[in-house]
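What follows is the residue order along each chain.
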Amino acid sequence: MAELPIITFPDDNLRIISKEITVFDSNVKTLINDMLETMYKMNAIGLAAPQVGCNERIIVVDISKEKNKPFYLINPEVIHSSGGIKFPDRCLSLPGIYGDVRRPERLKIKYNDLFGNQLKLEAEEIMASVIHHEIDHLNGVLFIDYLLAG
Ligand code: NI
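Comments concerning the overall build of the protein
Helices and strands together make up the secondary structure of the protein, namely 3 helices and 7 strands. The order of α-helices and β-strands along the protein, N terminus first, is α-β-β-β-β-β-β-β-α-α. Against the 2.2 N^0.38 benchmark of 15 Å for 150 residues, the protein shows a C-alpha radius of gyration of 14 Å, consistent with a compact globule. Its C-alpha atoms give the protein principal-axis dimensions of roughly 40 × 30 × 30 Å. Burial statistics for the protein: of 150 residues in total, 45% are counted as buried.

Topic: a nonpolar patch on the surface
Taken together, the side chains of Ile-45, Ile-63 and Ile-126 present a nonpolar region at the surface, about 210 Å² in accessible area. One can find Ile-45 in the loop between helix H1 (26-41) and strand E1 (46-48).

Concerning the pattern of salt bridges
Using the criterion set out here, one finds 6 salt bridges in the structure. With a closest N to O distance of 3.7 Å, Glu-3 and Lys-41 form a salt bridge. Of the two residues, Glu-3 sits in the segment before H1 while Lys-41 sits in helix H1, which places them 38 residues apart along the sequence. Here Lys-41 falls in the exposed class, since its relative accessible area comes to 52%. Linking Asp-145 and Arg-15 is a salt bridge whose minimum nitrogen-to-oxygen distance equals 2.8 Å. Linking Asp-145 in helix H3 (residues 143-149) with Arg-15 in the segment before H1, this pair joins segments that are 130 residues apart in sequence. Residue Arg-15 is classed as partly exposed on the basis of its relative accessible area, which comes to 38%. Overlapping salt bridges, with partners in common, bring together Glu-3, Glu-37 and Lys-41 in one network.

Here we look at the coordination of the nickel ion
Taken together, Cys-91 (SG), His-133 (NE2) and His-137 (NE2) make up the protein donors of the nickel ion, found 2.0 to 2.2 Å from the metal. For the nickel ion, the donor residues sit on a single chain with the sequence spacing C-x41-H-x3-H. On the criterion of helical spacing, the pair formed by His-133 and His-137 is a turn pair, its members being 4 residues apart in helix H2 (residues 125-138). On the accessibility criterion, His-137 (1% relative accessible area) is buried.

About the thresholds
- Residues numbered from 1 in each chain as written.
- Predicted model: local features only at pLDDT ≥ 70, side-chain atom pairs only at ≥ 80, totals over all residues.
- Heavy atoms only, no water.
- Helix = DSSP H or I, 4+ residues; strand = E, 2+ residues; numbered from the N terminus.
- Rg over C-alpha atoms; globule rule 2.2 N^0.38 Å.
- Buried < 20%, exposed > 50% of the residue type's maximum accessible area, 1.4 Å probe, protein only.
- Patch = residues over 30% accessible without salt bridge, like charges linked within 9 Å, V, L, I, M, F, W, Y side chains within 5 Å.
- Areas by Shrake-Rupley, 256 points an atom, 1.4 Å probe, with all protein chains shown as cover.
- Salt bridge = Lys/Arg side-chain N within 4 Å of Asp/Glu carboxyl O.
- Donors = N, O, S within 2.8 Å, 3.2 Å for Na, K, Ca; no water.

See below:
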């Protein structure tokens, strides 16, 4: 595994719509492992592939205190969202910036696993917020966009 350099604002790569994964090979697995290592090294709870210069639709998350519940989502897509809840937000790509962002309280997501199988996941509260933040990265959206929008 390798730790990857983090791309920071205002790099244009953070504003690109990332590409769907269509080939589920060992490169995808390597990227996910490297992203997890990078996330843990940076003491973050989520990371999206565009943040390491790879404009592909992959996110990794671990909100556990013990940092022992890693998971990854390939081609994640929100199929249902409801409610709204504000959490303090921050981002490795926006060092030193903090702000409260209102996001859906509950999410239903479809995604692929490493073999290309399509799975579904339900998340709520902080987990929903983190996943929503990371999926935003795949669409070129940063949390400061919400702050600017009021
Ligand atoms: Ni972020």
